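Residues per chain, in single letters:
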Amino acid sequence: MTTLIFCGTGDSQGVPRSYCDCQVCVEARAAGSNRRLRPSFYMREPVSGTTWIDCGPDWGRQMEDAGFRSVDRMLITHAHYDHIGGLPEWYDACRWTDKEGLTYCPAEVIPEITARFPWVASRLRFIPMEESLVLGKWVVRCFRVHHGRNGYSYAFEFIHSVNGYRWIYCSDAIDLTEEQQRPFYGADLVILGTSFVKEPYPIHTRSIYDVEEAIELFERWKPGRMVLTHLSHDIDVNKKDVLPEGVQFAVTGMSITLCD
Ligand SMILES: Nc1ccn([C@@H]2O[C@@H]3COP(=O)(O)O[C@H]3[C@H]2O)c(=O)n1
């Protein structure tokens, strides 16, 4: 059995935002259904153990919430702070437990990480994902996606080597070319980043799809299921009626079990 767990479903600032008193931030402080940490997600699988995708600045707290004392490896989508800000903390954990932290990244992402955190490479082993990676029965590859005014990011595609189940994690993307969209068609599960419900700004000023665009993509790609993550304080996860059947918002701690 493979389990996918959403431990950081927020955008770069998380929810609540420190300076904000909007309804969603107020609800996040009080009741907490909209409380969201910065991006981190992991897969647990019996053979390969625990694989995290991205290591945001809330990673230490996410480890506590998950009850973990170690992780087997990290996959990194891109080198923005909200996705890698926890790497120095993982470096310290590896140093104090005398372990090597296996960190799989698209090749071009590695120098960007080490430029930001030069000391971590002495303990984190950065492995360029030039070929597919095998994790138990899952074959994993990355592919480059447009991240709009924020440059580029990568998505990860997981294909089950026995039953063919295919899922994609793509937290930061916008305005994908037809080539970049191709893997999404007919996937069993697409996890897509959408920070706002509707962004009325020119596309060149934006960096992530909005919910309305994601719904259009759901209709075009026809995945079995779509889960929206990387949600800012513009999104109230309790307002599910904006979503068609088959599309849902990720909430903190949500898990998805995939049969092997
Ligand atoms: N060169 C950059 C640019 C931006 N950032 C962070 O990544 C976030 C992407 O979403 P945002 O809401 O635009 O905020 C950005 C910075 O926190 C970053 O870490 N490095």
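Named according to an unreviewed UniProt entry, the protein chain is MBL fold metallo-hydrolase originating from Paenibacillus paeoniae. The annotation that UniProt attaches to the protein chain under Function (unreviewed entry) is "Counteracts the endogenous Pycsar antiviral defense system. Phosphodiesterase that enables metal-dependent hydrolysis of host cyclic nucleotide Pycsar defense signals such as cCMP and cUMP."

Novice: Tell me about the side chain of H147, and name the residues and values.
Specialist: Among the structural elements, H147 can be located in the loop between strand 8 (138-146) and strand 9 (152-160). On the basis of relative accessibility, which here comes to 2%, the residue H147 falls in the buried class. If sequence neighbours within four positions are ignored, H147 has contacts with H78, H80, Y152, S153, D172, A173, I174, R206, S207 and I208.

Novice: Mind laying out the side chain of N34, listing which residues take part and the relevant values?
Specialist: Relative to the elements of secondary structure, N34 occurs in the loop between helix 1 (23-30) and strand 2 (40-45). A polar contact of 3.0 Å, which involves the side chain of N34, links it to the side chain of D236. With near-sequence residues (within four places) excluded, N34 lies in contact with V15, V24, E27, A28, I235, D236, V237 and N238.

Novice: For the site of the ligand, give the residues involved together with the corresponding values.
Specialist: If you check the shell around the ligand, you find S12, H80, Y81, D82, R116, R149 and N150 and nothing else. In this structure, an oxygen atom belonging to the ligand sits 3.4 Å away from a side-chain N or O atom of D82. Here R116 contributes a side-chain N or O atom positioned 2.6 Å from a nitrogen atom of the ligand. Taking 430 Å² as the accessible area of the ligand by itself, protein coverage stands at 59%. Of the residues that constitute the shell around the ligand, the class distribution is one nonpolar, three polar and three charged.

Novice: Got a sec to walk through the pairing of strand 12 (residues 225-229)? Specific residues and values, please.
Specialist: Among the five residues in strand 12, four count as buried, and that is most of the element. As paired strands, strand 11 (residues 189-193) and strand 12 are joined by five bridges and run parallel to one another. By the bridge assignment, L189 is partnered in strand 12 with R225. Read as a crossover between parallel neighbours, the route from strand 11 over helix 7 (residues 211-221) to strand 12 is right-handed. Bridging between strand 12 and strand 13 (residues 247-249) involves three bridges; their strand directions are parallel. When the bridges of strand 13 are listed, L228 appears paired with F249.

Novice: Which residues make up the confidence of the model for the protein chain, and what values do they have?
Specialist: Per-residue pLDDT for the protein chain averages 97, and the proportion of residues at 70 or more is 100%. In the predicted assembly, ipTM is 0.92 and pTM is 0.97.

Novice: How would you summarise the pattern of salt bridges if you had to cite specific residues and measurements?
Specialist: For the structure on display, the rule yields 15 salt bridges. A salt bridge links R38 to D58, with the shortest nitrogen-to-oxygen separation between them at 2.7 Å. Taken together, the residues R38 in the loop between helix 1 and strand 2 and D58 in the loop between strand 3 (49-53) and helix 2 (59-66) connect sequence positions 20 residues apart. You can call D58 buried: its relative accessible area is 14%. The partner of R141 in a salt bridge is E157, with the nearest N and O atoms 2.8 Å apart. Within this pair, whereas R141 is found in strand 8, its partner E157 is found in strand 9, the two being separated by 16 residues in sequence. Accessibility expressed as a relative area gives 31% for R141, which makes it partly exposed. On the basis of relative accessible area, E157 is assigned to the buried category, the value being 7%.

Quick notes on the rules
Residues numbered from 1 in each chain as written. Predicted model: local features only at pLDDT ≥ 70, side-chain atom pairs only at ≥ 80, totals over all residues. Heavy atoms only, no water. UniProt positions renumbered as here; feature names shortened; annotations may be inferred. Helix = DSSP H or I, 4+ residues; strand = E, 2+ residues; numbered from the N terminus. Buried < 20%, exposed > 50% of the residue type's maximum accessible area, 1.4 Å probe, protein only. Contact = heavy atoms within 4.5 Å. Polar contact = N/O pair within 3.5 Å; in protein donor to acceptor, adjacent residues only side chain to side chain. Near = heavy atom within 4 Å. Areas by Shrake-Rupley, 256 points an atom, 1.4 Å probe, with all protein chains shown as cover. Nonpolar A, V, L, I, M, F, W, Y, C, P; charged D, E, K, R; others polar. Pairing = 2+ DSSP bridges. Right-handed = clockwise from strand over helix to strand, strands pointing away. pLDDT = per-residue confidence, 0-100. Salt bridge = Lys/Arg side-chain N within 4 Å of Asp/Glu carboxyl O.

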